[in-house]
Amino acid sequence: MVRTIMTTTRAVLRHKAHVVTTFDQQLAKLLDDLAETMYAHCGIGLAATQIGIKRRVFVYDVGHGLCEMVNPILLAGEGQMKSVERCLSVPGLKRTIRRYARVRVYALNRFGAPLWVEAKGNLACCLQHEIDHMDGILLMDHEAWRTPHDTHLNWGDLFGRTAHCLYGHDEFFGHHSSCSD
Ligand SMILES: [Zn+2]
């Protein structure tokens with residue numbers, strides 16, 4: 001079932017979500033609804049708090065199929081990357097922020113079995129964004145990426161895709177990714 005996505009006016013987005021202790025039909029239904037809702041809104045990730053459920057659960061699909069995480073923990077992060085992000089719960093905001101370039105995440109699946117994911121690039125950024133949602137952290141809480149050497153990036157922020165096309169190459173911006181979740 002496609003659920004309503006909460007936006008920043010809803011306090012639930014700011015709550016620390018609860019650890020899942022029961023792996024039952026209700027959890028399965030929540031994960032199914034999250035996936036359906038994420039795809040309906042063309043997102044690449046969606047956390048339970050975004051549909052008003054205070055559980056440490058999210059789904060994502062960065063182009064390699066649907067994945068689910070229950071009680072995710074960021075075990076390690078290294079390096080840094082520019083990440084251009086949007087959030088379905090913060091309509092209209094596009095923010096370039098700093099993320100770990102590589103992460104290792106531990107979580108459980110819907111049956112309570114453990115899984116470890118090592119990620120870089122777009123997936124690493126997506127996982128960090130979703131794990132933020134577990135603790136009520138939103139995109140605007142991150143400092144925007146601004147350094148004297150990033151004038152070109154500021155242009156990109158100002159003019160969006162036009163500037164991006166103008167420069168033409170992702171590598172001009174360095175290692176970065178773009179996500180909406
Ligand atoms: Zn989000």
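If you're wondering where the values come from, they're calculated on a predicted model, not measured in any experiment.

(A) Representation of the overall build of the protein in the model. Looking only at helices and strands, one finds four helices and eight strands in the protein. Along the chain direction, N to C, the helices and strands of the protein fall in the order α-β-β-β-β-β-β-β-α-α-α-β. In the protein, which comprises 181 residues, the proportion classed as buried is 34%. Once local pairs closer than 6 in sequence are excluded, the contacts in the protein between residues at least 24 apart make up 69%.

(B) The nonpolar core, seen in detail. Core analysis: the largest hydrophobic core is formed by 34 residues, its most contacted members being Leu34, Leu46, Ala48, Phe58, Val59, Ala124 and Leu127. If you tally residues by element for this core, the top one is helix α2 (residues 121-134), at seven residues. Non-local contacts of Leu34, meaning those with residues more than four positions away in its chain, are made with Leu46, Ala48, Ile51, Phe58 and Val59.

(C) Structural context of the UniProt feature "active site" (unreviewed entry) in the protein. Here, UniProt's "active site" (unreviewed entry) annotation points to Glu130. Relative to the assigned elements, Glu130 resides in helix α2.

(D) Structural context of unusual backbone geometry. A positive phi angle, close to 55°, is found at Cys42, a residue other than glycine. Structurally, Cys42 can be placed in the loop between α1 (25-40) and β1 (45-47).

(E) Representation of the sheet that holds strand β6 (residues 102-108) within the structure. With respect to topology, five strands assemble into an open sheet ordered β1-β2-β3-β6-β7, the strand pairing being antiparallel. Each edge of the open sheet carries a strand with a single partner, namely β1 and β7 (114-120). Strand-to-strand twist in this sheet, taken as the mean axis angle between neighbours without regard to direction, amounts to 40°. Both strand β3 (residues 67-78) and β6 contribute to a ladder of six bridges, which runs antiparallel. For Ala76, the partnering residue across the bridge sits in β6 and is Arg104.

(F) Seen up close, the UniProt feature "binding site: Fe cation" (unreviewed entry) in the protein. Under the local residue numbering, the UniProt record ascribes the feature "binding site: Fe cation" (unreviewed entry) to Cys87, His129 and His133. The named residues occupy 47 residues along the chain; their greatest pairwise C-alpha distance, 10.2 Å, places them in one compact cluster. As for its placement among the helices and strands, His129 is situated in helix α2. His129 gets classed as buried once you count the C-beta atoms within 10 Å, which come to 27. You can see His133 is positioned in helix α2. A residue is classified by how many C-beta atoms lie within 10 Å of it, and His133, with 25 of them, is buried. Dropping the residues within four chain positions of it, His133 is found in contact with Ala47, Thr49, Gln50 and Phe58.

(G) Representation of α1 in the model. The first and last C-alpha atoms of α1 sit 22 Å apart over 16 residues, in line with the 22 Å expected at 1.5 Å per residue. Of the positions making up α1, those classed as buried are Leu27, Leu30, Leu31, Leu34, Thr37 and Met38. Buried positions in α1, seen along its axis, are confined to an arc of 130° and lie on one side of it. For α1, the exposed residues lying more than 90 degrees away from the buried face are Gln25 and Lys29. Residues of α1 that are buried make contact with β1, β2 (57-60) and β3. One or two residues past the end of α1 sits Cys42, with phi positive at roughly 55°.

(H) Layout of the pairing of β7. One ladder, built from seven bridges, connects β6 with β7; its direction is antiparallel. The partner of Val103 across the bridge, within β7, is Ala119. Counting the residues between successive antiparallel strands, the hairpin from β6 to β7 contains five residues, one of them, Gly112, with a positive phi of roughly 90°.

Rules of the game
Residues numbered from 1 in each chain as written. Predicted model: local features only at pLDDT ≥ 70, side-chain atom pairs only at ≥ 80, totals over all residues. Helix = DSSP H or I, 4+ residues; strand = E, 2+ residues; numbered from the N terminus. Buried ≥ 20, exposed ≤ 12 C-beta atoms within 10 Å, placed from the backbone. Contact = placed C-beta atoms within 7 Å. Core = buried A, V, L, I, M, F, W, Y, C linked by C-beta atoms within 7 Å. UniProt positions renumbered as here; feature names shortened; annotations may be inferred. Pairing = 2+ DSSP bridges. Axes fitted to C-alpha atoms, helices over the stretch in contact; angles between N-to-C directions. Expected span 1.5 Å × (residues − 1). Arc of directions from axis to C-beta.

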